[in-house]
Amino acid sequence: QVQLAESGGGSVETGGSLTLSCVASGVVRATDCMAWFRQNQGKEREWVATICPGGYRRYYADSLKGRVTISLDRFKNMASLQMESLEPEDTAMYYCAARWSGSHQYFDPTGYTYWGQGTQVVVSS
């Protein structure tokens, strides 16, 4: 069992930056991938980024590539999402996910077993 806890959300102005953190506890496998998703009211959950062991492979949504950076500290079991040049459209609940099954695409939320409760990001215009 894995528990995920996000932190780092808050309110920023357009163009600002935030760094979100996700700490995993429990049985964490070295081969587990971790990812960030987001969801705003009235919209479906949107994939943001994924990082996997074995060369620390990183994948980003095309709409966010260049503005976000995902990183993983295996020693601390922590995944971080650095965001910059934030826009009002980035306002959402950001969720951390873990354990990509391998039988799903890295951007598919159904491929992740564990989820955090989310951390709110608000970008004002």
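Before reading on, note that the structure itself is shown above.
From a predicted model like this one, the values you see are computed outputs, not experimental measurements. For every chain, the first residue of its written sequence is number 1, and the numbers climb from 1 along that sequence. Given that this is a predicted model, residues contribute local features only at a pLDDT of at least 70 and side-chain atom pairs are listed and counted only at 80 or more, while totals for whole chains, interfaces and linings are drawn from all residues. Only hydrogens and water are set aside; all other atoms, that is, all heavy atoms of the structure, feed into the side-chain values.

Chemist: What should I look at first to understand the sheet that holds strand β1 (residues 2-7) in this one?
Modeler: Strand order in the open sheet formed by 4 strands is β1-β3-β8-β7, and the pairing between neighbours is antiparallel. Where the open sheet ends on each side, the last strands, each with one partner, are β1 and β7 (68-73). Averaged over all neighbouring strand pairs, the angle between strand axes comes to 15°, with direction disregarded. Note on pairing: two strands pair once DSSP finds at least 2 bridges between them. Helical segments are the DSSP runs of H or I of at least four residues, strand segments are the runs of E of at least two, and each set is numbered from the N terminus. Pairing of β7 with strand β8 (residues 78-83), which is carried by 6 bridges, proceeds in the antiparallel orientation. Pairing of Val68 across the sheet is with Met83, part of β8. Axis definition: a line fit to C-alpha positions, over the contact stretch in the case of helices; interaxial angles, taken between N-to-C directions, run 0 to 180 degrees.

Chemist: I'm lost on unusual backbone geometry in this one. Help?
Modeler: Negative phi characterises most residues that are not glycine, and trans characterises most peptide bonds. Phi angles above zero are rare outside glycine, and Asn77 is one such case at about 50°. Following the sequence through the fold, Asn77 ends up in the loop between β7 and β8. For every residue, the accessible area obtained with a 1.4 Å probe (protein chains only) is divided by the maximum for its type, and the residue is called buried under 20%, exposed over 50%, and partly exposed between those limits. What makes Asn77 partly exposed here is its relative accessible area of 22%. The phi dihedral of Ser85 is positive, around 50°, even though this residue is not glycine. Considering the arrangement of structural elements, one finds Ser85 in the loop between β8 and β9 (92-100).

Chemist: Please clarify how the environment of Arg99 should be interpreted in this entry.
Modeler: Its place among the elements puts Arg99 in strand β9. Sequence-wise, Arg99 and Thr69 are 30 residues apart; in three dimensions their C-alpha atoms are separated by 19 Å. Here, residues are in contact when the closest pair of their heavy atoms is within 4.5 Å. Those residues in contact with Arg99 that lie beyond four places of it in its chain are Val2, Val27, Val28, Arg29, Asp32, Cys33, Gly111, Tyr112, Thr113 and Tyr114.

Chemist: Would you explain the state of the cysteines in this entry?
Modeler: Note: disulfide means a covalent bond formed between the sulfur atoms of two cysteine side chains. Disulfides are defined in this document as cysteine sulfur pairs within 2.5 Å. Evaluation of the coordinates by the stated rule reveals 2 disulfides. Note that Cys22 is cross-linked by a disulfide to Cys96, the S-S spacing being 2.0 Å. Taking the torsion about the sulfur-sulfur bond, which here is approximately -80°, the covalent link between Cys22 and Cys96 counts as left-handed. Taken together, the residues span a long stretch of sequence, with Cys22 in strand β3 (residues 18-26) and Cys96 in strand β9 at a distance of 74 residues. Accessibility assignment for this pair places Cys22 and Cys96 in one class, buried. Cys33 shares a disulfide with Cys52; S-S distance 2.0 Å. What sets the handedness of the Cys33 and Cys52 disulfide is the S-S torsion sign, and at about 115° it is right-handed. Here Cys52 lies in strand β5 (residues 46-52) and Cys33 lies in the loop between β3 and β4 (34-39), a separation of 19 residues in the sequence. With its bonded cysteines labelled in order along the sequence, the chain shows the pairing 1-4, 2-3.

Geometric descriptors of this kind do not, in isolation, establish any biological role.
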